[in-house]
Every structure is written in C-alpha cells, then in structure tokens.
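The residues making up each chain are set out below.
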Amino acid sequence: MELCKKPPPPEEERRVRANAREYNEKFQYANNCIKTSKYNVITFLPVNLFEQFQEVANTYFLFLLILQLIPQISSLSWFTTIVPLVLVLTITAVKDATDDYFRHKSDRQVNNRQSLLLINGTLQKDKWMHVRVGDIIKLENNQFVAADLLLLSSSEPHGLCYIETAELDGETNMKVRQSLSVTAELGDTSKLAKFDGEVICEPPNNKLDRFTGTLHWRESKIPLDNRNVLLRGCVLRNTECCFGLVLFAGPDTKLMQNSGRTKFKRTSIDRLMNTLVLWIFGFLVCMGIILAIGNSIWEHEVGNLFQIYLPWDQGVDSAFFSGFLAFWSYIIILNTVVPISLYVSVEVIRLGHSYFINWDKKMYCVQRDTAAEARTTTLSEELGQIEYIFSDKTGTLTQNIMTFNKCSIGGKTYGDLNDQLGHKHDIREKRPAVDFSFNALADPGFSFQDPALLEAVKLGDGEVHEFLRLLAFCHTVMSEDKEDGELYYKAQSPDEGALVTAARNFGFVFRSRTPSTVTVRELGRDVTYQLLAILDFNNIRKRMSVIVRNPKGRIRLYCKGADTILFERLHSSSRQLMNITVEHLNEFASDGLRTLVLAYRDLEESAYQVWSERHMRARGAAENREERLAAVYDEIEQEMTLLGATAIEDKLQEGVPETVAILTLANIKIWVLTGDKPETAVNIGYSCKMLTDDLAEVFLLSGHTVHEVREELRQARERMSDSFRSINGYSSSEKLSSPNLTSVVEMVPGECALVISGHSLAHALEADMELEFLETACACRAVICCRVTPLQKAQVVELVKKYKKAVTLAIGDGANDVSMIKAAHIGVGISGQEGIQAVLASDYSFSQFKFLQRLLLVHGRWSYLRMCKFLCYFFYKNFAFTMVHFWFGFFCGFSAQTVYDQYFITLYNIVYTSLPVLAMGVFDQDVPEQRSLQYPKLYEPGQLNLLFNKREFFICIAQGIYTSTVLFFIPYGTFADCTRSDGTHMADYQSFAVTVATSLVIVVSVQIGLDTGYWTAINHFFIWGSLAIYFVILFAMQSAGLFEIFPNQFPFVANANNTLGQPAVWLTIALSTVICIMPVIAFRFLKLDLQPRLADTVRYTQLVRKKPKPSHRSLRRVGRGGSRRSGYAFSHQEGFGELITSGKNMRLSGLAPSWIDTLRRRRSELAGTPSPVSAEEPPLPRGKEATV
C-alpha cells in the first residue's frame, strides 16, 4: 500500500479507454485493492494512541500522570496512575487490534480472489487487487463481479446476463442486464483485444440505481445507463460467461462508496455523565483550592516556626507558593473521585448486555433461522427509556407475503363467498379451495376460494381473459424452468409475484420473455406477443404499462397502478364502471387488502410509430432523460378503458396486536410511518389494535394546502379540548385563546388518534406549522402517517427528538426505512422480505416485530436498571474512598499526605472493588422477565429517568461523603486514646491507614450486597472473593519476604498483622461499618414500607402472596367501518421494464392509577406533559397506594 501517496484531484468526469493501461494511468485512478482496515504494524501504536487520547478522560489522566512526575507536587508514586491508565489503554488497544485483524483478514480474502483478465489478447488469471481501470474481465457463472464494469458481451442471446445483488441491496431475486448492441458481437477474445472504445461517464458516486455515460467507438456516441453496468458485489447467475470493461475499481466502486460510517449515537446517560464529570472536576478544584488556602495559612502561621528541622522544599520561598504546589498535589490525590476504570467498566457492562440480547433464545426465529443481534454495544441502557416508536408497516407489522384474494372485473367481484342467505363469508374463514388440476403449470401453493372466476375463464368471458392477460404481460418478472420441470418465477416485489401467479393458475401462464417478445400459455396454447415497450414503474408515476402487438397485429397498451392515478386517465366511457369499481375498492379496503387498478388502450399503428420515435429520442437523451421519458409515458397513458381491480392481502405478523397492546400499556407511543394509502394504514391500525372502537375520535388530515392543513389541525385540537372540558366540568360554551388551547391539548389523556396523508404532512412539517402538528399528534394515543417518503420519515423522527426531548426508536425492514432508522436514537432492523439494507443500518436487528416487547421491556429495562445502579454505587464508593484524604488534610498540616498507602490507592478501583460492581451491572435484576412483561408499567421509571439523574447523583455523593466522614473520624477518635494489648500507644500512621482501608473495603462490600437485587454464584464469588483478595494482598505486601526483596518499597513489615491483631481495631471497624450501613438499611426499610415502588410491590406479591398470574383479557376482533381503501402502488419499487424492452432485460381498560401516574399528574400541572394510560397493577402491601 502506498501510505504517503498524494490523493488525486476530484473528478468532474471519468475517461476510460479499453485495453490502454498507460493512457488510463495518467488519470491516477484507484486500483482494485480495497482497504477497510485502519492500521498496519508500523502505524498501529501511534495512530491508536492518538485516537484514544482524543477521549477527554484519557487526556485528563495523562495530565495527572505528568503532574505526578514532578517531585515538588507529587506525594503519590507515578504508578498509582500509570498502572490503571496503561491497563485501560492496553485493553482498548487489544480490542481495536482484534477488530482490525479481522478487517485485514477480510481485505486479504477479497483482494486475493481470482479473475480472468484479457492481457495482450490472451486471458490470464490474476488477483482482484491487480485489476486496473480500462481492463477487460471475463466473468463466469456464479462468480462475483470484481469491479464496476460496462457489460460488453454475453454468452446469452441478445447480450443478456442475469445477476444477483444481495450484497448491494439484500435482494436475492435475479435482475437482468444487457450489453449494447454494438458491442454484443464482441464475443471472442480476439475481437475484444482490438476493442479501443472510450467511455466518458460520471465520476465515482454512491448512487446504486443510476449511471450516466457515453461510449465513443467507431465515430459513434452510444448513451449508457444503469442497465448496461455490472456493479462490484453482484454475482453472475444463469449465464455461462460475459465480458466487461472496468470503469471503477476498488474504493471508487459504488459498493465501497456506500460503505460510509453511520452517525455516532450517544445515550442520555452518556450525556448526563459528561455533565456530572464536569461538576465533579469543579468540585475537585474547589477542594484543591480550600486545601491550598489551608496550606498557605498553616505554613505562614505554623510552618515558619519549624523551618530548622522541617524546612520547605528547595525552590519554595513563600507560604503562597507552598499553597500553589499543594493545590496541584491535592488535585493528584483527589482525582480518584472520577477514576479511569469507570469508563472501561461501563463498556464491559454494555458488552455483556449486548451478548444477552444475542444469546436470547426467545428472540430466535426458527422459520428464518435468525437470531436477534445487537449491532452496537453503546446503546443498551437507552432501550429502557423509549417513549416513541416509529414503525414502518409493510414487512414490519405485516409479513410482506402477498396472496391474491379478490378482484373486480367488469363490475363484478370475485373472491367473496355467499351462504344460502346471501351473506358473505369472512375472508379469513377456511373454505374449500378452487381445483386447478386442469392446469399442469398451476402453482400448487396458490389458493383461491371462489369458483366463479374459474368458471368465467372456462366460459370464455372476454373481459376476464383480458384481465388475466394483463396480469400475465404487465410485469418485470423473470421465469425459470427448474430441472424437475417446475416453472419458477423471480419477482422484484411480492405483489408482482402474487399477481403473475394468479394469472398462471387461472390459465394464463407467463412462460418466458426475450427483449422483444413475451410468451404466454393461454388455456394450454402458447402465444407469443411482440413486446414493443415497457413503461416502467417508479415512485412518482405509481403505475406501469406495457405495449404489445398480438399475432394478429393489433397493438394494445396494458396498464396497472394506483386508483387515484389511473382513474384520471380513463376514457369517459369507463365512468360508470369506475363508480362500481370504486365501491368494490372500498369493500376490499374494509378487509385490509392492497388494491391495484387495471386498464388498457388500443393503439393505431401510425399513432404508435409517431410516439415510438419520440420515445427513442427521449431514451437517447444525454440530459434530463428521466423527465423526458416521464412526459412521453404520460402522453400515451391516456383515454384508457377500465378492466377492473385486484385485491391482495398482506397478513399481520404473529404477535403484533399483543405487542402493540403491551407497549401501549408501558406508555410508549407508536407512530406508523408508511408509504401505503390512508385506508390501508387505518385498516392495519385496527387490526394490530393501535386503533380501537373505544377511541374518542380518529382525526384524518388530508388537506392539500397550508391553510387547509392548519385549519384541520386547529379543528382537531378544538375537538380534543372540548372533550377534555366536558370530562372535567368546563362549560361547553367556554372559549379559549390559542395559547390556552394548546395547554389544554397537552393535558388531553390520549384518547384520540391521528391519521395524516403525505401531502398534508409535507405542509405540517414546515417551520411555521411543525409545532402545531407535533402538539396535536403527541396528544393522541396513536399516529399514522401515510404515503410518506423516506425523507419525511426521518423528518418526523427529528421533529420529535428536537422538541419533545424524548428517546425515540425507529423500526423497519426496507431500504426506504434507512433514513428513519439512522435518525432515531435507536434503530431496529427487521430481517424480512425486502433485503438487508435496514438491518445493515440498524443498531439492533431481529426477524419479527413481536420481539420488540422483549427487547424493550426485558433487556432494555434491565440494562437501564443495571447501569443506573452501577453508576450510583460507583460514584458512592469513590467519594467514600477519596474524601478521607480531604478530612485528613486538616490534621496533617495540609501537606498533601495520603491516608492510604500508594498500593491500596492503585489497587482499590482495579482489584478490590471492580468485579463486584461489574457483576451487579451485568447480572442484576429487580423482577423476573415474566413479571417485566406482565406489568408493563415497570418500564416507566426509565422514561421518566428516575433511577439515575442529578438528584440521585447528589444523594450518592452525600452518602459517600457521609461514609468518608465516619471512616475517618471514628478511627481517628479511637486511635487518639487507644493502646495496644501490651500497653503501648497504637496511634501510628500505618496502623491508622490499615484500619481506615479495611473499614472502607468492608463497608463498600456490605453496601453492594445491599444494592444487589439478584444474587448469582458470580456475585457471591466476586464480592466475598474481592474482600478475601484484599486481605491476602495486604498481608503479602507487609510480609518479611517482600521486605527482603524490595526493602525500599515495602518497609512496613508485619504492620497489618500487628494492627489487625488488636481487638480494638476490629471493634473500630465494626463500629464504622454499623454507623455507615444502618442509616441506609433504616431508610430503605421505611421507604419500602411507606412508599413502595411498583417493582417492590411486584416482588412482594411474588415472594409473599404467591397468587396466580393474572391473565390479560383476551384480544377481540374490533369491528370497523368507513371507507378505507388500500394501495399497492405506493409501496412498490421501481422496476426494470425499460431494461427488458431494450433487450436489456392492539387498549386494555384503565385500572388503578400507579405511583408513576401520580408523578405524571404533578408534572402535568407544571410542564403540561400528557398523563399516561393506566395499567393493571398488583395489590399493594398493607393497602397503601404506591407513590414516589
């Protein structure tokens, strides 16, 4: 690798000449060697250390180390800081080195793959890393594409080749690419060796779906687009071989251009810790100043009297300067209030939480053989603080597995079964399926329950035939004949696959296609149609058309798309049928089905030829090509005749209603952001129990202008406030000003829902209206945003993050959810039918939406609980440890003399107290996982940030300072008049140090035993083992053996034996422990008895009453009505039609209010936050209501 190579200037365009390495090298294009690693053997140490010292904490401790190297100010040996610092740096470096090793290994594996290069007219095997821009490569079946290539020729007819793009977008269905007709003839190496065409194209970029360029060859200019290129990471399938010209290599390829880093996410606890650390540092400085002033005063008033036998150090000429040096000395001594081990311990705990998620068998999906995965280790405790969930619909709440259920043809519906009284059966009732045995090519997995459609086919109904013929033509599905003779379809979307399969089973079987023909077996007879054009689908057009010529020469356009799009393009003769079809669409939508409208148009030969010329010119345009094509398409897709409509069912995933209900009880608000129509989304909302019949009202915002949207928002807020006033006894005629209206809306208990369409949302997100929208939406229990773009999804998430200061979670399964997933505090990817783009961008991933309740209510809640208890205890034990030095300063002439010996200071945080707190941080739990799911209200302390906040921090600090006071003054008072058993005085420095240190270790060990709520063998081993290790090390360091080896370092021989052999010392230790611990025990007992929290009550019922687990009331199907239609086209993906034609082929009733509800009501009076939905709670001990 060329480490110091000067980067080339940015490209405006790229010029590539085939078979001309010397010409291409002058542009300094990147070679095909990729590097995802960060270090090598030479750069690892300096670069890694530089990165680690970017952390403020590491730099702070390095600064302390430098101070300790100055003899005039340091009363501690340098190793008290360097040992933990080096340990932390080493652990981090080893982790970074291990990660980078695997990156190096992956890079070598990829770079050393073999490819066939055409060099000097012969094919030679070479490594990928040696491929250069301008080289011609031969690819064989099932090989990975080595670089971004221009497809020159293929072994398949018409220059076609088939690729799989799973590494790019996660989709496993085949896609087709085709070479230019002028290069398709270059099939052998001799012709390719003489190929000297030059490509002028766009510079390297990350747009996977677009490519523009021009091939200059034989005095011709041929436009190039995405259909002509093969991207690195694709796999050649069902193609014997093909040749390609390298356009982009290595880091310039679109795959590598898309491998950018995701925005770094930090938790709210991280941000709070940064603030607290700054406060602690300020406190440290204040203590240093107090002790420095004390030193100056002492030296001035007392120290001057002892200059003869206790002179000042060399260089110290005044009491002021002595105080200045004492300040820095005390900064060194007192720095352990924030030890470096804190940061390492936090990361270890988070790592453990991540592994628990990965190892959770209850989040493993057997059907897909997919386990839950924590893709980040830095956000685990934030999973316990989620207030808003933003969810995609298709593939996230639903299965994204489509089944053809109903259709409307010529004003008649098929798929509804009627009983003898004419009543329709529920579509979910199991009925005998239609027998398709007459069709040898029928898909055995397809099921349809209405025999009337098949009868119409057999009777030769022309409209039905044309309807099915359209389904067999109008798509971009690829067919494949398996070895066993089975016909297999590969569709770009589940919707297309369902429609083509339906036509197949009813006798219109799509058999095969070429760039210019489509072959369909119609009721047993193969018919080949000339494929004249495919007018492909995209998110703007929301429709797709094909133009074909039948064997009799008749030209016809077939079109399918969204109803709102096609209805405005129908011929006036179809108006009556359109009205009937609209009624059928409404019926389909009431059953939650996704709809699509079908139409056709006959074309005259002359009119088609004129249009075709304009089409060809638009296709060949170098600029504004997409806009010109859209205009040409729109021109011919007019005056169409309506055929009917299809209805496809996308079923809910298993457990979605229950999950939504439980999360709602946990006071988590769920917003659905979907590309589907409002009717579809609303229906799914009822199905998954987001919307229920007991809602006061469901507001639908569908305004097309700013004024309309603002008026709809105002009316919604007025109606919510009217409902609130009537409930709370306000006069119905009382009017409120706008500010008062807003405050009332914020107190509405969330008994409404809001549905907003995409065009209305675009206005609602404008700067002057976003607050109105947010206030209205947040007052609702459920929000559904329909027909939203990926950008709008991200904007909604950012809006809530900006103004509500709430922790958000976004969950989705498709590429259109990536922006939303990246914008939220927590991103969750569903590994579903739409590839792995969402998973790759996520922080956590699993295969089913129902696992979300376990991720949040179990893992998230436990992670938050553990992290909060860890931090509270950590700050407590370090203030108890450090503040002893502060008190000692007043009794040692402010000389910066330490209480403990330097080895105890070094080992306290990394040996004596590290493992017990880690065990608590990793394994602790307040209630079992079943109770966490049974009582969702247990989740709310995390949302309110009750377990670790500034108040809890100051309580921990106060407890630590109290403990330090007891640990210093009890031994100090005892030692003042105490004698040993032999009558000698016991008040020596080392005996005092051993007594205080031993008292400290015992007190903090007992304290963590009180804090531990869930005991495991590991907790016992770490707590009592750490205590035992303390005594082992203490006696070892003051042994005669170490003194003989290191007499200068260990001079106090047998001091521990002499001190701890005195009964008075143990009485002192016991007294200190009791005085430190008894107030804690008394406080917790009184709090548990007088003001129990919900978790305390749950444990009480579990351990004392042992009553059977209450069962939630069963979920029932909620009836619903209204006009709710659903749309297929708004969630469909852009197709490959142009390529083919070019030859390029859940609410439970509110029960007793909890202590958290009381807190929320209090806060509502002050801050206006909505009160949550009450949840079922267990009975309280002694009949007391649980309060804070």
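Below: a short report on this structure. (Residues numbered from 1 in each chain as written. Predicted model: local features only at pLDDT ≥ 70, side-chain atom pairs only at ≥ 80, totals over all residues. Heavy atoms only, no water.)

Description of the overall build of the chain
- When helices and strands are counted, the chain shows 40 helices and 33 strands.
- A total of 1188 residues make up the chain; the buried ones form 56% of that total.
- With an accessible surface of roughly 50,700 Å², the chain has 57% of that area assigned to carbon and sulfur atoms. (Helix = DSSP H or I, 4+ residues; strand = E, 2+ residues; numbered from the N terminus. Buried < 20%, exposed > 50% of the residue type's maximum accessible area, 1.4 Å probe, protein only. Areas by Shrake-Rupley, 256 points an atom, 1.4 Å probe, with all protein chains shown as cover.)

Some thoughts on empty space enclosed by the protein
- Looking at the second largest cavity, its volume works out to about 90 Å³.
- Lining the second largest cavity are Tyr900, Asp901, Phe904, Tyr912, Gln990, Ala993, Val994, Ala997, Tyr1030, Leu1034, Met1037 and Gln1038.
- Listed by contribution, the elements that provide at least two residues to the lining of the second largest cavity are helix 28 (902-912), helix 33 (989-1011) and helix 34 (1017-1037).
- If you tally residues by element for the lining of the second largest cavity, the top one is helix 33, at 4 residues.
- A class-by-class count of the residues in the lining of the second largest cavity yields 9 nonpolar, 2 polar and 1 charged. (1 Å grid on protein atoms, 1.4 Å probe; cavity = no way out; pocket = protein on both sides within 12 Å on 5 of 7 lines; lining within 4 Å. Points joined across faces, edges and corners; volume = space filled by probe spheres on them. Nonpolar A, V, L, I, M, F, W, Y, C, P; charged D, E, K, R; others polar.)

Quick notes on the pairing of strand 25 (residues 593-603)
- Extensive coverage of strand 25 is indicated by the burial of 9 of its 11 residues.
- Note that strand 24 (residues 555-561) and strand 25 share 7 bridges and pair antiparallel. When the sheet's bridge partners are listed, arginine 556 is paired in strand 25 with aspartate 602.
- Looking at chain direction, strand 25 and strand 26 (residues 641-652) are connected through 8 bridges and run antiparallel. Each bridged residue has a counterpart across the sheet, and for leucine 598 the counterpart in strand 26 is glycine 644. (Pairing = 2+ DSSP bridges.)

Section: the state of the cysteines
- By the definition in use, this model includes 0 disulfides.
- Cysteine 474 forms no disulfide, and the closest cysteine sulfur to it belongs to cysteine 559, at a distance of 6.4 Å.
- Take cysteine 474: its relative accessible area is 0%, and that puts it in the buried class. (Disulfide = S-S within 2.5 Å.)

Some words on the sheet that holds strand 14 (residues 373-374)
- Pairing is mixed in the open sheet, where 9 strands are placed in the order 14-33-32-31-15-27-30-29-28. Of all the strands in the sheet, the pair left with one neighbour each is strand 14 and strand 28 (697-701).
- As paired strands, strand 32 (residues 826-830) and strand 33 (residues 844-846) are joined by 3 bridges and run parallel to one another. Bridged to valine 828 within strand 33 is tyrosine 844.

As for the pairing of strand 10 (residues 220-224)
- Note: strand 9 (residues 213-217) against strand 10, 5 bridges, orientation antiparallel. Its bridge partner lying in strand 10, glycine 213 is registered against leucine 224.

Some points on the environment of proline 432
- Structurally, proline 432 can be placed in the loop between strand 17 (412-414) and helix 11 (451-458).
- Accessibility expressed as a relative area gives 65% for proline 432, which makes it exposed.
- Distance in space between the C-alpha atoms of proline 432 and serine 447 is 9.3 Å, their sequence separation being 15 residues.

Quick notes on the nonpolar core
- Phe870, Leu871, Tyr900, Phe904 and Leu1000 are the most contacted members of the largest nonpolar core, which has 98 residues in total.
- The element contributing the most residues to this core is helix 27 (residues 851-889), with 18 residues.
- In contact with leucine 1000, other than residues within four places in its own chain, are Ala880, Phe881, Tyr900, Phe904, Tyr908 and Leu967.
- Of all hydrophobic cores here, the second largest spans 52 residues; its members include Leu441, Ala456, Ala491 and Ala503. (Core = buried A, V, L, I, M, F, W, Y, C linked by side-chain atoms within 4.5 Å. Contact = heavy atoms within 4.5 Å.)

Some details on the environment of valine 911
- One can find valine 911 in helix 28.
- Given a relative accessible area of 26%, valine 911 falls into the partly exposed group.
- The residues contacting valine 911, other than those within four sequence positions of it, are Ser1026, Ile1029 and Ile1033.

Remarks on the packing of helix 8 (residues 268-301) against helix 9 (residues 319-333)
- Running from amino to carboxyl end, helix 8 crosses helix 9 at an angle of 145°, the nearest separation of the two axes being 8 Å. Seen from above, helix 8 lies across helix 9 with right-handed handedness. Touching Leu284, Val285, Gly288, Ile289, Leu291, Ala292, Asn295, Ser296, Glu299 and His300 of helix 8 are Ala319, Phe320, Ser322, Gly323, Ala326, Phe327, Tyr330 and Ile331, all from helix 9.
- For the contact of helix 8 with helix 9, the residue count by class is 11 nonpolar, 6 polar and 1 charged. (Axes fitted to C-alpha atoms, helices over the stretch in contact; angles between N-to-C directions. Left-handed = near helix turned anticlockwise from the far one by under 90°.)

Some points on the side chain of glutamine 925
- For glutamine 925, the location among the structural elements is in the loop between helix 29 (914-923) and helix 30 (929-934).
- Once residues lying within four places of it in the same chain are set aside, the contact partners of glutamine 925 are Trp862, Leu865, Arg866, Gly1013 and Tyr1014.

A closer look at the packing of aromatic side chains
- As enumerated under the stated definition, the model contains 61 aromatic pairs in all.
- Where phenylalanine 881 meets phenylalanine 904, the ring centres are 6.0 Å apart and the plane angle is 50°; that geometry is what we call tilted. Remark: phenylalanine 904 occurs in helix 28 and phenylalanine 881 occurs in helix 27; sequence separation between them is 23 residues. The two residues phenylalanine 881 and phenylalanine 904 agree in class, both being buried.
- Ring geometry for phenylalanine 968 and phenylalanine 969: centres 4.9 Å apart, planes at 90°, overall edge-to-face.
- Using a relative accessible area of 0% as the deciding quantity, one classes phenylalanine 968 as buried.
- What makes phenylalanine 969 partly exposed here is its relative accessible area of 35%.
- Aromatic rings pair up to connect Phe886, Trp887, Phe888, Phe890, Phe891, Phe894, Phe968, Phe969, Tyr972, Phe975, Tyr989 and Phe992 into one cluster.
- Above the ring of tyrosine 23, the side-chain terminus of arginine 17 is found at 3.8 Å from the ring centroid.
- Positioned over the ring face of phenylalanine 874 is lysine 877, at 4.2 Å from the centre of the ring. (Phe/Tyr/Trp six-rings, centres within 6.5 Å; stacked < 30°, edge-to-face > 60°. Lys NZ or Arg CZ within 6 Å of the ring centre and 35° of its normal.)

Some remarks on the sheet that holds strand 23 (residues 543-549)
- Spatial ordering of the open sheet is given by 17-16-26-25-24-23-22-21-20, a layout of 9 strands whose pairing is antiparallel. The strands lining the two open edges of the sheet, one partner per strand, are strand 17 and strand 20 (508-513). In this sheet, neighbouring strand axes are inclined to one another by 30° on average, regardless of whether the strands run parallel or antiparallel.

With respect to unusual backbone geometry
- Even without glycine at this site, asparagine 142 takes up a positive phi of about 70°.
- Notably, glutamate 219 is not glycine yet its phi reads approximately 60°, a positive angle.
- For glutamate 219, the position within the fold is in the loop between strand 9 and strand 10.
- For glutamate 219, a relative accessible area of 87% gives the class exposed.

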